[in-house]
Amino acid sequence: MEEYAREPCPWRIVDDCGGAFTMGVIGGGVFQAIKGFRNAPSGYRRRMTGSMLAVRQRAPVIGGQFAVWGGLFSTIDCSLVYLRQKEDPWNSILSGAATGGILSARAGLGAMAGSALLGGVLLAMIEGVGIMLTRFTAEQFKPVGPGEISDPTVVGPPPPLGGLGGEQNSYQ
């Protein structure tokens, strides 16, 4: 099974920034379409116009905010990979915490600490779920040697069929 290979670090930043922008525009577009439809004056035509207007005005802004988050996160992640000389979940957790803190720096030290804690906890949960899924799915691809049983619920070989080899059934 071929593993997904990530881009090398300088290009990873651009790739993650573009992916975050795309995700923000699509998600923001859906959200703004619903919001614009609900907040427009009555009438189907006015609601559709309000929906499209909200998407056109706000979706690129939301996409830009996602792109800033993705670019900053990826930049910090690449810097940690370079400094620590290894790629592990701690890089992502620390990057999430640092990104949350940096992006809320204008709101003060308390908001920075809260956002950093929230970013670190969220990324720790995401990494934990990823590790758990990797371990869970790795069991099904574990190679089975000759004579081994592939199903861990089966304890041994199946019992012999009664009456075929001169054996007597116990229920007779």
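Described in the following lines is the structure provided in the data block. The structure presented is a predicted model; accordingly, all values stated were derived computationally and were not measured.

What counts and what doesn't
- Residues numbered from 1 in each chain as written.
- Predicted model: local features only at pLDDT ≥ 70, side-chain atom pairs only at ≥ 80, totals over all residues.
- Heavy atoms only, no water.
- Helix = DSSP H or I, 4+ residues; strand = E, 2+ residues; numbered from the N terminus.
- Buried < 20%, exposed > 50% of the residue type's maximum accessible area, 1.4 Å probe, protein only.
- Contact = heavy atoms within 4.5 Å.
- Areas by Shrake-Rupley, 256 points an atom, 1.4 Å probe, with all protein chains shown as cover.
- Disulfide = S-S within 2.5 Å.
- Axes fitted to C-alpha atoms, helices over the stretch in contact; angles between N-to-C directions.
- Parallel < 35°, antiparallel > 145°, perpendicular 65-115°, else oblique.
- Left-handed = near helix turned anticlockwise from the far one by under 90°.
- Nonpolar A, V, L, I, M, F, W, Y, C, P; charged D, E, K, R; others polar.

### Examining the overall build of the chain
Here's step 1: Scanning the chain from N- to C-terminus turns up four helices and zero strands.
Here's step 2: Ordered by position in the sequence, the α and β elements of the chain form the string α-α-α-α.
Here's step 3: Here the chain, with 172 residues, has 23% of them falling under the buried criterion.
Here's step 4: Contacts in the chain between residues far apart in sequence, at least 24 positions, make up 51% of those at least 6 positions apart.
Here's step 5: In the form shown here, the chain has an accessible surface area of approximately 13,000 Å², with 66% of it arising from carbon and sulfur atoms.

### Concerning the state of the cysteines
Here's step 1: In this structure the tally under the stated criterion is one disulfide.
Here's step 2: Disulfide pairing places C9 opposite C78 at an S-S distance of 2.4 Å. Looking along the S-S bond of the C9-C78 disulfide, the torsion reads about -100°, which is the left-handed sense. In this pair, C9 is assigned in helix α1 (residues 9–39) and C78 in helix α2 (residues 44–84), connecting sequence segments 69 residues apart.

### Quick look at the packing of α1 against α2
Here's step 1: Contact geometry for α1 and α2: axes closest at 5 Å, N-to-C directions at 155°. By the angle between their directions, the pair α1 and α2 is classed as roughly antiparallel. The interaxial crossing formed by α1 with α2 has right-handed handedness.
Here's step 2: Grouping the amino acids of the contact of α1 with α2 by side-chain chemistry returns 18 nonpolar, 13 polar and six charged.

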